[in-house]
Amino acid sequence: MSELLRVDDLKVHFSQRGFSGRKRVIRAVDGVSLSIDTNEALGIIGESGCGKSTTGRAIVHLEDPTEGRISYRGADVTHPDAAARRAFNEKVQFVFQDPMSSLNPRMTVESIIAEPLRAFGAWDRVTGPARVVELLERVGLPAQFASRYPHEFSGGQRQRIGIARALALDPELLVLDEPVSALDVSVQAQVLNLLMDLRRQQGLAYIMISHDLDVIRHVTDRIAVMYLGVVVETGPADEVLDHPLHPYTAALVSATPPSSPDEHRERIRLQGELPSASNPPSGCRFRTRCWRATEVCAEVVPPLEPVGDGRSRACHHPLDLGMPTIRTESAA
C-alpha cells in the first residue's frame, strides 16, 4: 500500500472572547501527526472535546489549519488554491454525524446525490439519473427513493443517502465524523457493514472518528488516540485496545462495557475534569488526571515515540506492554 494522506504537526486554534471581554485562544488541535495508506481504515478516538472532529474537519478544509502541513499523495494541500482544492475535494469526501441536518430538506434524494456531480461538471441529463440510481443501489437503497425527500426516511436510510452523496465523485478517501452515533444499534451494524463492503469492493480508504471503541475495533485497522488536542497513542486497533500503553487509553478501554460475562475489566476512574483547551497543563496534558504522573510529567512534554510493531505512545511512564487491560476468566 502507498501513503494516501499525511498530517504533520497540525494545529487548529480559535480565538474567543470570554465574559470579561478578554481574548483567549482555544487550542482545539495542537500538534497532531498521522497518516493513512490507500485502502486503509484509520480510527481516531477520544472523549468529547479532545479535538478529533476538528482534526477531521481540518483535513477536508471545513476548518482552516493554523499551523502544520497536510499532504495528499505527496502534494501539499494545507492551503490550496482554487484549482488544487477542487481536485482534492473530488478525491476526499466528508460524511457528517447528523444525517438529518446534513441533507437539505427541500431537495429530493436525486437532487442531493446529483449536487456534487453538478458542482464538478460531471452531471449529464441523459445518464445522470441512472448514475443516481446506481449510487442508491450501491448503498442498499431502491431506485424509487430518488424522488422522495429526507424527512420520509429513517436515520439509517438518511445516513446511507449521505454516504451515496459522498461516493458520487468516486473518492479515494472518506472522512466520517461519528457516522453512526445517532443511530440505533441494529442500524449501526448495517451502516458499518456497508462501509466495510465499500472498502472491499472499491478499495476505499476511510478515517473513522468515534468515541465508541467497539465500533472502532470492528471497522478499522489502526487507531490514533487523542487527548486535549494531541495524539497520545497509535497502533493496530486490536493491539491498542487489548494492550494499551498510555494510561489514558487504558482508562478509555476500562470504561467500555464487557462483551461477554467471562470478560473482566479493571475499571480506571479518572479524577477531575478535562482541562480547558485554552489553558492546557504544562508538560504532559494528561498528568492532572493520571495516577502514574511524577514531576517530570509536569516539566517535559512527552514526544510521540515509536515502540516497535507499528505502535507509538507519548508517555513518560507507559504501561507494561505484556499486561492486558482486558482479561477473560474461565467459568467456574
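First things first, this report covers the structure right here in the doc. (Residues numbered from 1 in each chain as written. Predicted model: local features only at pLDDT ≥ 70, side-chain atom pairs only at ≥ 80, totals over all residues. Heavy atoms only, no water.)

Let us look at the pattern of salt bridges. Where charged atoms from two side chains of opposite charge approach closely, those side chains can pair. The tally for this structure, following the rule as stated, stands at 19 salt bridges. Note that Arg311 is salt-bridged to Glu233, the shortest N-O span being 2.5 Å. Highlighted residues: Arg311 in strand β13 (residues 311–313) and Glu233 in strand β10 (residues 230–236), separated in sequence by 78 residues. Since its relative accessible area comes to 0%, Glu233 is described here as buried. Among the charged side chains, a salt-bridge network with shared partners connects Arg131, Glu134, Arg138 and Asp170. (Salt bridge = Lys/Arg side-chain N within 4 Å of Asp/Glu carboxyl O. Helix = DSSP H or I, 4+ residues; strand = E, 2+ residues; numbered from the N terminus. Buried < 20%, exposed > 50% of the residue type's maximum accessible area, 1.4 Å probe, protein only.)

On the basis of which strands lie adjacent, the open sheet formed by four strands has the order β2-β1-β4-β5 and antiparallel pairing. Only two strands of the sheet have a single partner each, and these edge strands are β2 (23–37) and β5 (75–76). One ladder, built from two bridges, connects strand β4 (residues 67–72) with β5; its direction is antiparallel. Its bridge partner being in β5, Ser71 is matched across the sheet by Asp76. Strands in contact with helix α1 (residues 52–59) are β1 (3–17), β2 and β4; relative to β1, the strand with the most contacts, it is inclined by about 115°. (Pairing = 2+ DSSP bridges. Contact = heavy atoms within 4.5 Å. Axes fitted to C-alpha atoms, helices over the stretch in contact; angles between N-to-C directions.)

Turning our attention to α1. Judged by how many residues are buried, α1 sits mostly within the fold: six of eight residues are covered. Listed in full, the buried residues belonging to α1 are Lys52, Thr54, Thr55, Gly56, Ala58 and Ile59. Trailing α1 by a residue or two, His61 shows a phi angle of about 70°, which is positive.

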